Amino acid sequence: GADGLQKRELAIIEALRSSKSSKENVMSMALQQVCGGRHLQSVPVAHGLGWAIHDAIQFDAESESALSSLRYQLRGEFCCIFVVTTLFWIWRCFFELRNSLQLLDLFRICPTDCCNGINRKNGKALDLGSQVALLFIIVLRLILEAVLLIDGYFMNCETNCIMDLIMNAVALEFIFDVDDVAAFGVLSKRELEVMESHSVQLTWMGTSRWSVFRACRSPVRNWLKLFAVLLLTGMFSGARFFKVKSLHSRAFVACLTNGLTDGTSPLPDNAPEVVFPAPGFCASLLGAFSGLNGPNCWTWRNRLGEPLTNAICSNPGNIADAKWEQLLPMDEMGRQACTELWFGQGVPAGELVPALKYPGSFEPVAFGCRKEDLDIHSIRVIVPFYLTHEAHLARFRCRRPAYGPRSAVWSATSITSDEFIQPLYFFRYSDRSPLELQARSCENLPKVHGCGEDPCRVVTDSFHSTTCDEYCERHNLICAEAFAVSKGRTCAPGHRARSLNCLETQADKRRMLGCRCRLPPEERICGLLSNVYARCNHDPCKVLVSQFDRETGRPTNFRSCTDYCAMANLTCLAQLRVRQRSCKPDPRGSLLPCDDPLPKLSFDEYTDEGDGEDEWASELTRLAIIENDSPERVCHCGSPGLVFASAKK
């Protein structure tokens, strides 16, 4: 039982513990013991501007993960072998129990036809001393047989391989036969003959009317005995089945929440706003069982040496309508959950899938769910024939994905997206990335520490005489929220904090002032501008316009900056010529008329589908566009008559 169910349950508990103690949203080694070994492949593309990423988890039978082992133990062939070995083991224990109880007949008056050579003193088969010794032997045999019945069952329960199950059954049978082997080794031939003759006499006690087992020759008693054996077999096998199913569902939920919970308890209070599955888990499940290829993702930067700013993933097709021919019944929860977590729901065939990222990293992910849209619970089942006496059948549902066309944030813009998802889950220049993140408006805010995944929500270093309105105004921002938080306590959204007015000071010396700043309305309006390659000089209204749509990979159709600004009902204030992929002015001169045509990237050489495989051609097109997109025009948009804070600088 070294690799049995108890070890699998301990592995799940350890994975939850290690994930809760980790401050980063990464896959711990303990969680890999539950879900499977992670294989991350990163290939540089576009001359170092980006990476093609393939994240996978080993699902095959050779995997030593708890999930693969439990999945194997729920297969029909393993369950059948377990039922058969349990049936024969219980039957053998009943046989040994019958042999022990037959010895009770020696306490009765011995029949004349089977008492040759036995002491008949006082009309009894045995004298008092022999009866005490016999009683001790019978009690000892009954205790040993009960212990062997229970220990043999648990030994089989802790076995997770068919071959080991068969070998354990042979070993248990040997335990009952080892006394006979020892007797044949130490007794003489004459002693063996005497023992054999008495054994034959005691087997059924001839035709004795005193035999306690005489009635067992009745067909009714035989059927009752068979029913008892089958009942115990069903109860023992059913208990193990529910325990394995419980651990399998708990392991699945642990992998679907990246170790935050196994379904037996709610998500912890410090759980992230967006819950992602273990890296590569859903992609590997999709590739292994659906008949579709797991999605590959790309992430890239605008210029060498800068952080990664964008990401996109391939679209393998409609996951919900896939065949899933390799799927077994026990994997149904994983299929349903990963389908609900998939950002590609509603994305047309041939289009690419948007991606979020793990906070603190730049790894793209296309599966996830907001915490408020998750429904995780468990059904408690009593298991009387197992050590813990109960099992929890975990359930996982996501009402809508965190990102993509079916998500709540998809109807938002860069102005309102932070109301649904905190900024640091976005890549900087995703189309719905919060405007303050794109313009880096809050990166220079002086603070004691940040609050969650929003760089504009901070605990300030200001004195108690300062208000949040004054604090934000010093950095050309306005106050969106003010609160007071106890020293040493977290200030992430959803945690207890005393609300303040933006014009209110924090007088309690035991608390610290917290503020959330944002851009003023005249600048936030520029969040309606899309196809952003970069926002220049911390000014959200100065946009280096991309030559292609970042979500579809198709060329844009903006003729000039006038046309581009009009998309957001804004006016073009200026068009600037800059160096390629940069906000730095072009040495030839930067100021151009707003109606000057925008340069276009030729897509003719990238639209050939090559060998006819659309998905492969789409991937090649994506890499080529990333490599060759070289915007060189900045459009400065705004509303007439408004004075921008950036113009004051």
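Structure's up top.
A brief report on the enclosed structure follows. Sequence order as written defines the numbering, with residues in each chain counted from 1. Local features in this predicted model are restricted to residues of pLDDT 70 or higher, and side-chain atom pairs are both shown and tallied only at a pLDDT of 80 or more, whereas totals for entire chains, interfaces and linings draw on every residue. Note that the side-chain values use all heavy atoms of the structure and ignore hydrogens as well as water.

**Points about the packing of aromatic side chains**
We describe a pair of aromatic rings using the distance from one ring centre to the other and the angle between the two ring planes.
Part 1: In summary, the pairing rule links any two rings of Phe, Tyr or Trp, Trp by its six-membered ring, whose centres are within 6.5 Å, and it sorts them by plane angle into stacked for under 30 degrees, edge-to-face for over 60 and tilted for everything else. A full pass over the atoms with the stated rule returns 10 aromatic pairs.
Part 2: Seen in terms of ring centroids, Phe252 and Phe281 are 5.7 Å apart; in terms of plane orientation they differ by 80 degrees. Their pairing is edge-to-face. Taken together, the positions of Phe252 in helix 8 (residues 219–256) and Phe281 in helix 9 (residues 281–289) put the pair 29 residues apart, joining distant regions of the chain.
Part 3: Burial status follows relative accessibility: with a 1.4 Å probe on protein chains alone, a residue under 20% of its type maximum counts as buried, one over 50% as exposed, and anything between as partly exposed. Owing to a relative accessible area of 1%, Phe252 belongs among the buried residues under this scheme.
Part 4: Between Phe276 and Tyr358 the ring centres are 5.0 Å apart and the planes differ by 75 degrees, which places this aromatic pair in the edge-to-face class. Pair noted here: Phe276 is in the loop between strand 3 (274–275) and helix 9 and Tyr358 is in the loop between strand 7 (356–357) and strand 8 (364–365), with a separation of 82 residues, a long-range link. Tyr358 shares its class with Phe276; the two are buried.
Part 5: Among the aromatic residues, those joined into a ring-pair cluster are Phe343, Tyr403, Trp410 and Phe426.
Part 6: Over the ring of Trp410 we find Arg432, and its NZ or CZ is 3.6 Å from the ring centre. To qualify as a helix, a DSSP run of H or I must reach at least 4 residues; to qualify as a strand, a run of E must reach at least 2; elements of each kind are numbered from the N terminus. Distance and angle both matter: a charge sits over a ring if NZ of Lys or CZ of Arg is within 6 Å of the ring centre and within 35 degrees of the ring normal.

**Structural notes on helix 8**
Part 1: For helix 8, spanning 38 residues, the distance from its first C-alpha to its last is 54 Å, which sits close to the expected 56 Å at 1.5 Å a residue.
Part 2: Taken from the residues just after helix 8, Asn258 is the one with a positive phi, measuring 55 degrees. Each helix should span, by expectation, one fewer than its residue count multiplied by 1.5 Å.

**Quick word on the state of the cysteines**
Part 1: We call a pair of cysteine sulfur atoms a disulfide whenever their separation is within 2.5 Å. Across all of its chains, the model carries 13 disulfides by this definition.
Part 2: Disulfide pairing places Cys369 opposite Cys398 at an S-S distance of 2.2 Å. Taking the sign of the S-S torsion, 95 degrees for the link of Cys369 and Cys398, the bridge is right-handed. Of this pair, Cys369 sits in strand 9 (residues 369–370) while Cys398 is found in strand 11 (residues 390–398), placing the two residues 29 residues apart along the sequence. As far as the burial class goes, Cys369 and Cys398 line up, both buried.
Part 3: The cysteine Cys80 is free of any disulfide, with Cys79 supplying the nearest cysteine sulfur at 7.0 Å.

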